[in-house]
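# A closer look at the structure
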Amino acid sequence: MTTSLVLNDGQSIPQLGFGVWQVPNDGAAVAVGTAIKAGYRLIDTAAIYGNETGVGEAIAAASVPREDLFITTKLWNDRQGYDSTLRAFDESMKRLRLEGLDLYLIHWPAAQRGAYVDTWRAFARLKEEGRVRSIGVSNFTIAHLERLQRESGIVPAVNQVELHPRFQQTALRRFQEKAGIATESWSPLGQGTLLQDPVLKAIAARHGKTTAQVIIRWHLDSGLIVIPKSVTPARIRENFDVFDFELSPEDKAGIAGLDDPRGRIGPDPDRFSN
Ligand SMILES: NC(=O)C1=CN([C@@H]2O[C@H](COP(=O)(O)OP(=O)(O)OC[C@H]3O[C@@H](n4cnc5c(N)ncnc54)[C@H](OP(=O)(O)O)[C@@H]3O)[C@@H](O)[C@H]2O)C=CC1
Ligand SMILES: O=C1CO[C@H](CO)[C@@H](O)[C@@H]1O
């Protein structure tokens, strides 16, 4: 059973969820079904992942009631703008076979077009209409968040950003903590690249856990929401088996030392605009 956080709109969100980027649509039902059986309740997809239909199939087939699941999807960049957002939302909901969504995210600020404030107003409408319980953003910098606050007055519940031991986003996290925005970590395992790190491997050996489990525990202990992805059933279960150990202050200090301002793996939000 995962721990939960309470968002700034009062909704509870599981702290450990299941990411499905690069899970093919025809494999998504099995992967998500395996995750739900393993105990995951939060599923993180996106229109651009092309697997909302498969995710919807798993939700429909799950032995868990819909209200116990927390489903996130994201609006892709080419649908930004007020009217196009409302249409894209309907399309996602149809693919997911859902009446209501738990969390809808603007996938990227897509900075050069700057339409995200209009998009955000459409998100606010979806929330007012009760079609989405929480609204948030992804890949927003402090400057993007400040503009959203200034021009709409509505603070996102969540910002989902690249975050892992090699790219810890300390300044953004401090800002978000003060603003009441929950931080959700994407590529929490560094897309697998962190799993051979000697510091993390040594911590894992001390606890009799795997490196992936230590990294996920670090996200949880850091107050983050974390959404590791795997299509491998044993790893899906392994990544959820993180509630029986604690990191020591020395472990945490060792992980703090891995932070690297050049440790980003994915695109820089200030440059990514497709
Ligand atoms: N908002 C955004 O812009 C973005 C959001 N995301 C979200 O974050 C989620 C997670 O990030 P993602 O980029 O997928 O990367 P992760 O950091 O979750 O790493 C996934 C990779 O690690 C491997 N892996 C997972 N668990 C283990 C394990 N226990 N032992 C060994 N290898 C393991 C997987 O392999 P295998 O599957 O073969 O088992 C896969 O190759 C995405 O799926 C998506 O939902 C991701 C990127 C951008
Ligand atoms: O979530 C993500 C993974 O896939 C996209 C590309 O296809 C990325 O841009 C995005 O950040």
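The following refers to the structure shown. What you see is a predicted model; the values in this text were computed from it and never measured.

### Some words on the site of ligand 1
Residues in close proximity to ligand 1 total 29 residues, the closest being Asp44, Ser187, Lys229, Ser230 and Thr232. Between ligand 1 and Asp44 there is a distance of 2.7 Å, counted from an oxygen atom to a side-chain nitrogen or oxygen. Contact between ligand 1 and Lys229: an oxygen atom at 2.8 Å from a side-chain N or O atom of the residue. Burial of ligand 1 by the surrounding chains reaches 88%, relative to a free accessible area of 910 Å². Most atoms of ligand 1, that is more than half of them, are within 2 Å of grid points of the largest pocket. Of all the elements, helix 9 (residues 233-240) adds the most residues to the shell around ligand 1, at three residues. Looking at the shell around ligand 1, its residues break down into twelve nonpolar, twelve polar and five charged.

### Some thoughts on the layout of surface pockets
Of the pockets and cavities examined, the largest pocket occupies roughly 730 Å³. At three residues, helix 9 tops the list of elements feeding residues into the lining of the largest pocket.

### Here we look at the packing of helix 5 (residues 142-152) against helix 6 (residues 170-179)
Axis separation between helix 5 and helix 6 bottoms out at 10 Å; the angle between their running directions is 25 degrees. Classified by the interaxial angle, the pair formed by helix 5 and helix 6 is roughly parallel. Listed contacts from helix 6 to Ile142, Leu145 and Glu146 of helix 5 are Ala171, Leu172, Phe175 and Gln176. Classifying every residue of the contact of helix 5 with helix 6 by side-chain character gives five nonpolar, one polar and one charged.

### Here's the deal with the side chain of Gln169
Within the secondary structure, Gln169 is located in the loop between strand 8 (158-162) and helix 6. The exposure class assigned to Gln169 is buried, which follows from its relative accessible area of 17%. Sequence-distant contacts of Gln169, defined by excluding residues within four places in its chain, comprise Val161, Glu162 and Leu163.

Procedures and definitions
Residues numbered from 1 in each chain as written. Chains lettered and ligands numbered in written order. Predicted model: local features only at pLDDT ≥ 70, side-chain atom pairs only at ≥ 80, totals over all residues. Heavy atoms only, no water. Near = heavy atom within 4 Å. Polar contact = N/O pair within 3.5 Å; in protein donor to acceptor, adjacent residues only side chain to side chain. Areas by Shrake-Rupley, 256 points an atom, 1.4 Å probe, with all protein chains shown as cover. 1 Å grid on protein atoms, 1.4 Å probe; cavity = no way out; pocket = protein on both sides within 12 Å on 5 of 7 lines; lining within 4 Å. Sits in = over half its atoms within 2 Å of the grid points. Helix = DSSP H or I, 4+ residues; strand = E, 2+ residues; numbered from the N terminus. Nonpolar A, V, L, I, M, F, W, Y, C, P; charged D, E, K, R; others polar. Points joined across faces, edges and corners; volume = space filled by probe spheres on them. Axes fitted to C-alpha atoms, helices over the stretch in contact; angles between N-to-C directions. Parallel < 35°, antiparallel > 145°, perpendicular 65-115°, else oblique. Contact = heavy atoms within 4.5 Å. Buried < 20%, exposed > 50% of the residue type's maximum accessible area, 1.4 Å probe, protein only.

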